Amino acid sequence: KQEVTQIPAALSVPEGENLVLNCSFTDSAIYNLQWFRQDPGKGLTSLLLIQSSQREQTSGRLNASLDKSSGRSTLYIAASQPGDSATYLCAVIDSWGKLQFGAGTQVVVTP
Amino acid sequence: GAVVSQHPSRVICKSGTSVKIECRSLDFQATTMFWYRQFPKQSLMLMATSNEGSKATYEQGVEKDKFLINHASLTLSTLTVTSAHPEDSSFYICSARNRDLSAFFGQGTRLTVV
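Here we summarise the structure given alongside this text. (Residues numbered from 1 in each chain as written. Chains lettered and ligands numbered in written order. Predicted model: local features only at pLDDT ≥ 70, side-chain atom pairs only at ≥ 80, totals over all residues. Heavy atoms only, no water.)

## Structural notes on the sheet that holds strand S3 (residues 19–25) of chain B
Residue and element names in this part refer to chain B. Using the following cut-off: Any two strands between which DSSP finds at least two bridges are classified as paired. A run of H or I in DSSP becomes a helix once it reaches four residues, and a run of E becomes a strand once it reaches two; helices and strands are each numbered from the N terminus. To obtain an axis, a line is fitted to C-alpha atoms, over the contacting stretch when the element is a helix, and the angle between two such axes runs from 0 to 180 degrees between their N-to-C directions.
Read from one edge to the other, the open sheet built from 4 strands follows the order S1-S3-S8-S7, with strand pairing classed as antiparallel. Lying at the two open borders of the sheet, with one neighbouring strand each, are strand S1 (4–7) and strand S7 (67–73). If you compare each strand with its neighbour and ignore which way they point, the axes differ by 15° on average. In terms of strand pairing, S7 meets strand S8 (residues 76–81) through 5 bridges, oriented antiparallel. Paired with leucine 68 across the bridge in S8 is threonine 80.

## Some details on the environment of B:Leu111
Residue and element names in this part refer to chain B. Threshold: Note on exposure labels: buried denotes an accessible area under 20% of the residue type's maximum, exposed denotes more than 50%, and partly exposed covers the range between, all computed with a 1.4 Å probe on protein chains only. Working rule for contacts: check all heavy atoms of both residues, and any pair within 4.5 Å makes them a contact.
Residue placement: leucine 111 occurs in strand S11 (residues 109–113). A residue is classified by how much of its surface remains accessible, and leucine 111, at 1% relative accessible area, is buried. Between the alpha carbons of leucine 111 and threonine 80 there is a distance of 11 Å; along the sequence they are 31 residues apart. Once you skip the residues sitting within four places of it in the chain, leucine 111 turns out to touch Val11, Cys13, Val19, Val81, Asp88, Ser89, Ser90 and Tyr92.

## A word on the pairing of S3(B)
Residues and elements named next belong to chain B. Side chains Val19, Ile21, Cys23 and Ser25 project from S3 onto a buried face, and the interleaved Lys20, Glu22 and Arg24 project onto a face without burial. In the sheet, S1 pairs with S3 via 4 bridges, with the strands oriented antiparallel. Across the sheet, serine 5 pairs through a bridge with arginine 24, a residue of S3.

## Quick word on the interface of chain A and chain B
Quick reminder of the rule: By convention, the term buried area covers the 1.4 Å-probe accessible surface removed from two parts as they join, with the contributions of both added. Here, a salt bridge means any Lys or Arg side-chain nitrogen found within 4 Å of an Asp or Glu carboxyl oxygen. Whenever a nitrogen or oxygen atom comes within 3.5 Å of another N or O atom, the pair is scored as a polar contact, on the condition that within protein one atom can donate a hydrogen and the other can accept it, and that pairs from neighbouring residues in sequence are kept only if both atoms are in side chains. Basically, the charged four are Asp, Glu, Lys and Arg, the nonpolar ten are Ala, Val, Leu, Ile, Met, Phe, Trp, Tyr, Cys and Pro, and anything else, Gly included, counts as polar.
Taken together, the contact between chain A and chain B spans 23 residues of the former and 19 residues of the latter. Of the roughly 1500 Å² buried between chain A and chain B, counting both surfaces, carbon and sulfur atoms make up 58%. Together, A:Leu44, A:Lys98 and A:Phe101 form the three largest contributors to the area buried by chain A at its contact with chain B, with a combined 28%. Where chain A touches chain B, the interface holds 1 salt bridge. B:Glu59 is the salt-bridge partner of A:Lys98, the closest N and O atoms lying 3.3 Å from each other. There are 5 residue pairs in polar contact (both at pLDDT 80 or more) connecting chain A and chain B. Considered class by class, the residues forming the side of chain A that touches chain B number 10 nonpolar, 10 polar and 3 charged.

In structure tokens form, the structure reads like this:
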């Protein structure tokens, strides 16, 4: 059974620092991996989707890497801003499109 | 990106009543939609997979008769919480699967049963 783990559970950094969020999964037979952002009491915003054949995806200050063989993905956020404060979730996607989520990393960026 | 609309965003209902939540994919056809539930400070847990024109597939431990799912068209899936009780209070989110298997989520529905 697939298990998705995110470390750390919470992270607080001063504005301007780079953020590194980790996601690991136990079954490497994934189809895609997707990173999301969730603001308190709100739904999910998709950040990056990495297909299993890809090693990384970039969008603006965000970069996500994927190492299927070791069961890991890392989300990097460069030059963090207070507006980046949120919970970040990673999810692995199987061939049916079903997502399994990690518990998330709660990020606080202080001005 | 693709847009998924979920309504209502908040609902308060009395214990014993039923509540319907709608999930619509606005600019793409979704043969498969998923319903998730999220308890406070926990991650999303998949409740069921909804396939257009067929019965939903429920995850283990999810009561089919409590959470009725209908996927009548390629752009609409509904979740009905029947005979709601306070323990059903939660945040419910739907997602629609795109062709590349990326998932787009609705805004979520905060259900409070009093």
